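Chain by chain, the residues:
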Amino acid sequence: MKLSLIAVGTRMPDWVQAGFNEYARRFGRDMPLELIEIPAGKRGKNADIKRILELEGEKMLAAVSKGSRIVTLEVTGDNWSSPQLAQRLEQWQQDGRDVALLIGGPEGLSPACIAASEAKWSLSALTLPHPMVRVVLAEALYRAWSISTNHPYHRE
């Protein structure tokens, strides 16, 4: 099963790419983690935010591999502990489909992305900077993977 993190925004600070890469490289071959960046629409004083959101959503959904399970990252999504996320990863692996995790831009995700979602996940009730979410998400997924594979990374 492949995990694809599809996120709006490019040109992240070096620490974001380094943090994401650090966790992505640790995954086993049975569950690779990749990052797909979607360019953010141009936002200005008179920008049509609704249209920008729609275009970003179209690009995100186009980047999802055919047949993948879509999980959206949303403030109003479900909170999962590390062991609960590990259980989800195991269930998803048994399902045999790849998983696409979608992170929206400053205004969130398009209605089309939310409608396509099979699960809504919230990392925190806090509003987190989108670049930081990439690193936190990669670490959370790696921790869950380590729990399900009995890797010593996670200690209770």
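Look up: the structure comes first, before these words.
Everything numeric in this text was worked out from a predicted model, so none of it was measured.

**Q** How should empty space enclosed by the protein be read in this particular structure?
**A** The gaps left among the atoms become clear once a water-sized probe is rolled over them. This structure, assessed with the given rule, holds one cavity of 30 Å³ or more. Split into classes, the residues belonging to the lining of the largest cavity amount to five nonpolar, three polar and two charged.

**Q** Is there a simple way to think about the pattern of salt bridges in this case?
**A** Working definition: two side chains of opposite charge can pair if their charged atoms are close together. Going through the model one piece at a time under the given rule, you end up with 13 salt bridges. One salt bridge in this structure joins Arg69 and Asp95, with 2.3 Å as the shortest N-O distance. Residue Arg69 is found in strand S3 (residues 69-78), and its partner Asp95 is found in helix H3 (residues 82-95); the two are separated by 26 residues along the sequence. Note on Asp95: relative accessible area 36%, which makes it partly exposed.

**Q** Got a minute to help me understand the layout of surface pockets in this structure?
**A** Estimated volume of the largest pocket: approximately 360 Å³. Taken together, 20 residues make up the lining of the largest pocket; nearest its centre are Leu73, Glu74, Val75, His130 and Val133. Of the residues belonging to the lining of the largest pocket, the class tally is 11 nonpolar, seven polar and two charged.

**Q** Would you explain the packing of H3 against helix H5 (residues 130-148) in this entry?
**A** Think of two packed helices as two axes; the pair is described by the angle between the axes and how far apart they sit. At a minimum axis separation of 8 Å, H3 and H5 run at an interaxial angle of 75 degrees. The angle between the axes of H3 and H5 places the two elements in the roughly perpendicular class. Residue-level inspection shows Ser82, Pro83, Leu85, Ala86, Leu89 and Glu90 of H3 in contact with H5, the latter providing Ala140, Leu141, Arg143, Ala144, Trp145, Ile147 and Ser148. Partitioned by chemical class, the residues of the contact of H3 with H5 number nine nonpolar, two polar and two charged.

**Q** How should the packing of aromatic side chains be read in this particular structure?
**A** The geometry of an aromatic ring pair is captured by two quantities: the separation of the ring centres and the angle between the planes. Tallied over the entire structure, the rule returns seven aromatic pairs. Where Phe27 meets Trp145, the ring centres are 5.9 Å apart and the plane angle is 50 degrees; that geometry is what we call tilted. Residue Phe27 is located in the loop between helix H1 (14-26) and strand S2 (33-38), and its partner Trp145 is located in helix H5; the two are separated by 118 residues in the primary sequence. The exposure class of Trp145 is buried, given its relative accessible area of 9%. Taking the centre distance of 6.2 Å and the plane angle of 65 degrees together, the rings of Trp80 and Trp92 count as edge-to-face. Taken as a pair, Trp80 in the loop between S3 and H3 and Trp92 in helix H3 lie far apart in primary sequence, 12 residues in all. Each member of the pair, Trp80 as well as Trp92, carries the same accessibility label: buried. Clustering of aromatic rings is evident, with ring pairs tying together Tyr23, Phe27, Tyr142, Trp145 and Tyr153.

Conventions we followed
- Numbers given for residues are sequential positions, taken from 1 along each chain in its written order.
- In view of the model being predicted, local features appear only for residues whose pLDDT reaches at least 70, and side-chain atom pairs are presented and counted only at 80 or more, with totals across whole chains, interfaces and linings using the full set of residues.
- Only hydrogens and water are set aside when side-chain values are computed; all heavy atoms of the structure are taken into account.
- Grid spacing is 1 Å over the protein atoms alone, the probe is 1.4 Å, and a cavity is where that probe fits but cannot get out, while a pocket is an open set with protein on both sides within 12 Å along at least five of seven lines and lining residues have an atom within 4 Å of a point.
- Grid points are joined across faces, edges and corners, and a volume is the space filled by probe spheres set on the points.
- Gly is placed with the polar residues, together with every amino acid not listed as nonpolar (Ala, Val, Leu, Ile, Met, Phe, Trp, Tyr, Cys and Pro) or charged (Asp, Glu, Lys and Arg).
- By definition here, a salt bridge exists when the distance from a side-chain nitrogen of Lys or Arg to a carboxyl oxygen of Asp or Glu is within 4 Å.
- Note on conventions: DSSP H or I runs of at least 4 residues are helices, E runs of at least 2 residues are strands, and numbering of each starts at the N terminus.
- Working definition: with a 1.4 Å probe on protein chains only, accessible area under 20% of the residue-type maximum means buried, over 50% means exposed, and in between means partly exposed.
- Lines fitted to C-alpha atoms define the axes, with helix axes restricted to the stretch in contact, and inter-axis angles between N-to-C directions lie between 0 and 180 degrees.
- For classification purposes, an angle smaller than 35 degrees is called roughly parallel, one larger than 145 roughly antiparallel, one from 65 to 115 roughly perpendicular, and anything else oblique.
- Pairs of residues are marked as contacts when any of their non-hydrogen atoms sit within 4.5 Å.
- Between 30 and 60 degrees the pair is tilted, below 30 it is stacked and above 60 it is edge-to-face, where a pair is any two Phe, Tyr or Trp rings, Trp via its six-membered ring, whose centres lie within 6.5 Å.

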